[in-house]
Amino acid sequence: MSVNPMAYEAQFFGFTPQTCMLRVYIAFQDYLFEMMLVVESVILKKLEGCPDSKISPFQIRKSTEKFLLFMKEHFDHLFSKMEQMLLQLVLNIPKNVLLPEDKVHEQYPYSKEQFQTLQGEIDQLQKQYKVEVSAGQALLAELEEQKMVQAELEKTLQWFDGLENICREHGTSNLKESFAFLTQMSKKLQDILKEVEKKNKRLQKK
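Counting restarts for each chain, with residues numbered from 1 along the sequence as it is written. Two thresholds apply to this predicted model, a pLDDT of at least 70 for residue-level local features and 80 or more for giving and counting side-chain atom pairs, whereas whole-chain, interface and lining totals are computed over all residues. No hydrogens and no water enter the side-chain calculation; it runs on all heavy atoms of the structure.

Draft legend 1. Local environment of helix α3 (residues 57-89). Strands here are runs of E lasting at least two residues and helices are runs of H or I lasting at least four, both read from the DSSP assignment and numbered beginning at the N terminus. A helix is expected to span 1.5 Å multiplied by its residue count minus one. If you check α3, its first and last C-alpha atoms are 46 Å apart, about what 33 residues at 1.5 Å a residue would give, namely 48 Å. Buried means the residue's accessible area, taken with a 1.4 Å probe over protein chains only, is under 20% of the maximum for its type, while exposed means over 50%, and partly exposed covers the values in between. Listed as buried for α3 are Ile60, Thr64, Phe75, Phe79, Glu83 and Leu87. Contact between two residues is taken to exist if any of their heavy atoms lie within 4.5 Å; hydrogens are not considered. Taken together, the buried residues of α3 touch α2 (17-48).

Draft legend 2. Structural context of the packing of aromatic side chains. By convention, a stacked pair of Phe, Tyr or Trp rings (six-membered ring in the case of Trp) has centres within 6.5 Å and planes under 30 degrees apart, an edge-to-face pair has planes over 60 apart, and any other such pair is tilted. For the structure on display, the rule yields 7 aromatic pairs. Taken together through their ring pairs, the aromatic side chains of Tyr25, Phe28, Phe75 and Phe79 make up a single cluster.

Draft legend 3. Summary view of a nonpolar patch on the surface. Without a salt bridge and with relative accessible area above 30%, a residue can belong to a patch; like charges are then joined within 9 Å and nonpolar side chains (Val, Leu, Ile, Met, Phe, Trp, Tyr) within 5 Å. Exposure was quantified through the Shrake-Rupley algorithm and a 1.4 Å probe, taking into account, for residues, occlusion by the shown protein chains and nothing else. Each reported salt bridge corresponds to a side-chain nitrogen of Lys or Arg within 4 Å of a carboxyl oxygen of Asp or Glu. A surface patch of nonpolar side chains, about 330 Å² in accessible area, is lined by Met85, Leu89 and Val90. Locating leucine 89 in the fold gives a position in helix α3. On the accessibility criterion, leucine 89 (67% relative accessible area) is exposed.

Draft legend 4. Structural context of the pattern of salt bridges. Taken as a whole and judged by the stated rule, the model has 4 salt bridges. A salt bridge links lysine 147 to glutamate 144, with the nearest nitrogen and oxygen atoms 3.9 Å apart. Of this pair, lysine 147 and glutamate 144 both sit in helix α5 (residues 112-169), separated by 3 residues, roughly a single helical turn. A relative accessible area of 46% means that glutamate 144 is categorised as partly exposed.

Draft legend 5. Fine view of the nonpolar core. Judged by nonpolar contacts, Met6, Met21, Tyr25, Phe75, Phe79, Leu87 and Leu91 together constitute the single largest core of 7 residues. Within the residue set of this core, elements represented by two or more residues are α2 and α3. Buried Ala, Val, Leu, Ile, Met, Phe, Trp, Tyr and Cys residues that are joined via side-chain atoms within 4.5 Å together make up what is termed a nonpolar core.

Draft legend 6. Quick peek at α2. Its 32 residues place the ends of α2 47 Å apart at the C-alpha level, agreeing with the 46 Å of an ideal helix rising 1.5 Å per residue. Those residues of α2 lying buried are Pro17, Gln18, Met21, Tyr25, Gln29, Leu32, Met36, Glu40 and Leu47. Structurally, α2 contributes buried residues whose contacts are with α1 (7-13) and α3.

Any link to function would need more than the numbers given here.
Below, the structure written as structure tokens:
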């Protein structure tokens, strides 16, 4: 079998020419083996009609195997010539023929150096794209964080609105006065708590 990879032919046919020739070889070989078995069975039937014959089935099998080996050697020799002819004249794409999908390379030829330059530009663009994607993801994360901060600010404003409403109910409309009012109320509550703790201790001593 040929050792030439014939990659361009494989691109066109969808299979390697060597694979095609191997399948043809196997098909011919299987047919040869089957024919020899048929010939052997015919000879054995003829032998049954000659009871006085001194030829045994074992001798016929030996003769069949010997003849099969002789046929296979000649078949392999002839097939190698046929394979060479088919691979060169039938399954071979001439070097001056270009497949339709490769016409673009003929219209826009590039040298090895130009190709490497283009590859470098592509790599650079890919890196820039990754950087921009990362930056976009960072911006999205920052926007989410800003949304969370805005939600917290809205809660704080709502709390201040509620606080202002409470202060108004107690006669204080100014926010500064409201904080002063709350501070006074907090101190009063602390004094009351301390007084309760003192009385509790006195009662425990009694």
